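Now for the letters of each chain:
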Amino acid sequence: MTNVPKKLFIKTYGCQMNVYDSERMAETLAGQGYETTQDQSEADMVLLNTCHIREKAAEKLYSDLGRIKPLKVANPDLKIAVAGCVAQAEGEEIVKRAPMVDLVVGPQSYHRLPEMEARIQTGKRALDTDFPEDDKFEVMKSRPKVARAPAAFLTIQEGCDKFCAFCVVPYTRGAEVSRPADRIIDEARGLVENGVREVTLLGQNVNAYHGCEGGLAGLCSQLSQIDGLERIRYTTSHPNDMDDALIAAHGDNPKLMPYLHLPVQSGSDRILKAMNRKHTAEEYLRIIERIRAARPDILLTSDFIVGFPGETDADFEDTMALVREVNYGMAYSFKYSVRPGTPAAEKPELPLAVMDERLQRLQALLKEQQVAAQEGMVGKTTTVLFEKRGRTPGQWGGKSEHLHAVHVEAEGELRGEIHKVEILNAMTNSLTGRIIG
Ligand code: 5AD
Ligand code: SF4
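Calculation rules
- Residues numbered from 1 in each chain as written.
- Chains lettered and ligands numbered in written order.
- Predicted model: local features only at pLDDT ≥ 70, side-chain atom pairs only at ≥ 80, totals over all residues.
- Heavy atoms only, no water.
- Helix = DSSP H or I, 4+ residues; strand = E, 2+ residues; numbered from the N terminus.
- Rg over C-alpha atoms; globule rule 2.2 N^0.38 Å.
- Buried < 20%, exposed > 50% of the residue type's maximum accessible area, 1.4 Å probe, protein only.
- Near = heavy atom within 4 Å.
- Polar contact = N/O pair within 3.5 Å; in protein donor to acceptor, adjacent residues only side chain to side chain.
- Areas by Shrake-Rupley, 256 points an atom, 1.4 Å probe, with all protein chains shown as cover.
- Nonpolar A, V, L, I, M, F, W, Y, C, P; charged D, E, K, R; others polar.
- Salt bridge = Lys/Arg side-chain N within 4 Å of Asp/Glu carboxyl O.
- Pairing = 2+ DSSP bridges.
- Axes fitted to C-alpha atoms, helices over the stretch in contact; angles between N-to-C directions.
- Core = buried A, V, L, I, M, F, W, Y, C linked by side-chain atoms within 4.5 Å.
- Contact = heavy atoms within 4.5 Å.
- Arc of directions from axis to C-beta.

K.L.:
In this structure, what is going on with the overall build of the chain? I would like to understand it.
P.N.:
If you tally the helices and strands in the chain, you get 14 helices and 19 strands. The C-alpha radius of gyration of the chain comes to 22 Å, within 12% of the 22 Å expected for a compact globule of 437 residues. When its C-alpha atoms are laid out on the principal axes, the chain stretches across 65 × 60 × 45 Å. Counting every position in the chain, which comprises 437 residues, the buried fraction comes to 54%.

The following block contains the structure:
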């Protein structure tokens, strides 16, 4: 009898950490005979890797489950699995609300997927949202040797001890844990052997990494000794964990790319305090100043929340002023979303219309800055790591040092190559250029 591989369809919501987790879950389930498919209708298992950060993100799970229901009715053998932060936060509630779900697994227990999968094949349900003692990365130590894309994510730290008043992460992902550096180096080496040239180190609070001497700067320094690994990035960071060594590394370590996501959330000291961010706007600006002194061309990005409970017009203007002062290359901005169980959930919400208006104004300013940053690249030379062919034949696309998408006209195979590119044109979301070296 031949073993026909079962098909696994994964949908990933939310952050890059989930992208990494989805990849690892797919690798784990490959051991159970699954291969991934992009076509949901041929799936034997649909796995939804969910996000709980804002209400809308969480609700997507239930609307998607509603859409999947006819598939399960048509094919009762179809298995439905829910992973990620909604799984962690809601656990059994999910199967109460959507009884067709077979498997619920939290972000810290997906190394147990093989046993869980075997269980659901017997018609039972499997639910695991523990914060287990065993470390999933130790259990799933080696990764398969398969060809990989030139840029990869690598989780080095999980969880968060900061407890910002609006945020569910400390509850869904748990306390801060750093992976040991030697494990990370091994994983990075394996990735490089399989085609990776750039890694983005991931963690909810990645710059609080303490898995080796020298923290994240020390880890970057060790990683930069790996031949063939040309570029290192990391995300996402808390301003208070930008230590001297890490700031210095931005000037000293040529493999560390000139790009930093450093969320500030608000420019108002009153709101920063209410958010429990533990720094002022001025302190944030001084950190930015020091980072720019170390690496003058660094591209800075951030996250903002508008309409946090109690935010006045004056507080919001402080945010606008901070944005003008920093001048970001790109930023994400969100309306405050109440998350049950967080301290801020106790406080009265602002009217939606106020939040909408503020968000629009903030996004207009951020867009202006993003466009200016893109246009500022025209005439400059950068390096590009080429990742894939463009939609039009004879075109290749990749990422610049500053993480801009760049397209060039080129024949032949450029995947995984890094070339010097002169930037010729700026569009809204990408740049075009020509290879000069
Ligand atoms: N409401 C709105 N935005 C939020 N974020 C986190 N929690 C909330 C919330 N309750 C945003 C923050 C964070 C990003 C990942 O998501 O800006 O940096
Ligand atoms: Fe959430 Fe704050 Fe931790 Fe970021 S630092 S994950 S916003 S609690």
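K.L.:
When you look at the site of ligand 1 in this model, what are you seeing that I'm missing?
P.N.:
Around ligand 1, the surrounding shell consists of Ile53, Arg54, Phe166, Gln265, Asp303, Ile305, Phe334, Lys335, Tyr336, Ser337 and Arg339. Interatomic distance of 2.6 Å between a side-chain N/O atom of Gln265 and an oxygen atom of ligand 1. Burial of ligand 1 by the surrounding chains reaches 87%, relative to a free accessible area of 400 Å². Elements supplying a minimum of two residues to the shell around ligand 1: β13 (299-306) and β14 (330-335). A breakdown of the residues in the shell around ligand 1 according to their chemical character gives five nonpolar, two polar and four charged.

K.L.:
Please clarify how the pattern of salt bridges should be interpreted in this entry.
P.N.:
Pairs can form between side chains of opposite charge whenever their charged atoms are close. Within this structure, the stated rule accounts for 38 salt bridges. Of the charged contacts, one joins Glu187 and Arg24 as a salt bridge, the two residues approaching to 3.4 Å between their closest N and O atoms. Here Glu187 is found in helix α8 (residues 181-193), whereas its partner Arg24 is found in helix α1 (residues 16-30), with 163 residues between them in sequence. In this structure Glu187 comes out as buried when scored by relative accessible area, which is 8%.

K.L.:
Which parts of the structure should I look at to understand the sheet that holds strand β18 (residues 418-426)?
P.N.:
Strand-to-strand pairing in sheets goes through backbone hydrogen bonds, with the strands running parallel or antiparallel. Overall, mixed pairing links the five strands, which are arranged β15-β16-β17-β19-β18 in a closed barrel. Within the sheet, the average angular offset between the axes of one strand and its neighbour, ignoring direction, is 50°. Where strand β15 (residues 381-389) and strand β16 (residues 395-400) come together, five bridges link them in antiparallel fashion. Bridge pairing in β16 links Lys388 to Gly397.

K.L.:
Honestly, the pairing of strand β10 (residues 198-202) in this entry has me stumped. Any pointers?
P.N.:
Regular strands place side chains that alternate from one sheet face to the opposite one. Of all the five residues making up β10, five are buried; the element is thus mostly covered by neighbouring parts of the structure. Here β10 shows a buried face lined by Glu198, Thr200 and Leu202 and a second buried face lined by Val199 and Leu201. Bridging between strand β7 (residues 151-155) and β10 involves five bridges; their strand directions are parallel. Paired with Thr155 across the strands is Leu202, a residue of β10. Two strands pair when backbone bridges link them, and β10 and strand β11 (residues 231-235) are joined in this way by five bridges, in the parallel orientation. Residue Leu202 lies in a different strand from β11, and its bridge partner there is Thr235.

K.L.:
Teacher, can you tell me more about the nonpolar core here?
P.N.:
A general feature of soluble globular proteins is that nonpolar side chains tend to end up buried together. Leu201, Leu216, Leu219 and Tyr328 are the most contacted members of the largest nonpolar core, which totals 75 residues. Core analysis: the next-biggest nonpolar cluster, separate from the first, contains 23 residues, Phe9, Leu48, Tyr62 and Met100 among them.

K.L.:
Please clarify how the environment of Leu29 should be interpreted in this entry.
P.N.:
For Leu29, the position within the fold is in helix α1. Taking the relative accessible area as the measure of exposure, Leu29 reaches 0% and is therefore buried. Along the chain, Leu29 and Glu117 lie 88 residues apart, while their C-alpha atoms are 8.3 Å from each other. Each residue touching Leu29, except ones within four places of it in the same chain, is listed here: Leu8, Tyr34, Met45, Leu47, Leu113 and Glu117.

K.L.:
Is there a simple way to explain the side chain of His404 in this structure?
P.N.:
Summarising the element assignment, His404 is placed in the loop between β16 and β17 (405-409). Accessibility expressed as a relative area gives 6% for His404, which makes it buried. If we skip the residues at most four places from it in the chain, His404 touches Leu299, Ala373, Gln374, Met377, Gly398, Lys399 and Leu431.

K.L.:
What am I meant to see in unusual backbone geometry here?
P.N.:
For residues besides glycine, phi is generally negative; the peptide bonds are generally trans as well. In this structure, the amide linkage connecting Thr235 to the following residue, Thr236, adopts the cis form with an omega of 10°. With respect to the secondary-structure elements, Thr236 resides in the loop between β11 and α10 (244-252).

K.L.:
Please explain the environment of Ala321 as it appears in this structure.
P.N.:
With respect to the secondary-structure elements, Ala321 resides in helix α13 (residues 313-326). Classification of Ala321 by relative accessible area gives partly exposed; the value is 37%. Separated by 26 residues in sequence, Ala321 and Arg295 have C-alpha atoms that sit 23 Å apart.

K.L.:
Explain helix α5 (residues 113-121) here, please?
P.N.:
Helical periodicity: at 3.6 residues per turn, an α-helix aligns residues three or four positions apart in one direction. Within α5 the residues assigned to the buried category are Leu113, Pro114, Met116, Glu117 and Ile120. Mapping the buried residues of α5 onto a view down its axis gives an arc of 165°, with all of them on the same face. Just past α5, the residue Gly123 takes up positive phi, approximately 90°.

K.L.:
Help me out: how do you make sense of the sheet that holds β14 in this one?
P.N.:
Strands sit in the order β12-β13-β14 across an open sheet of three strands; the sheet is parallel. Strands at the two margins of the open sheet, each flanked by one partner only, are β12 (259-261) and β14. Geometrically, the sheet is characterised by an average inter-axis angle of 10° between neighbouring strands, direction not taken into account. This element, helix α14 (residues 352-375), spans β13 and β14 of the sheet and lies at about 175° to β14.

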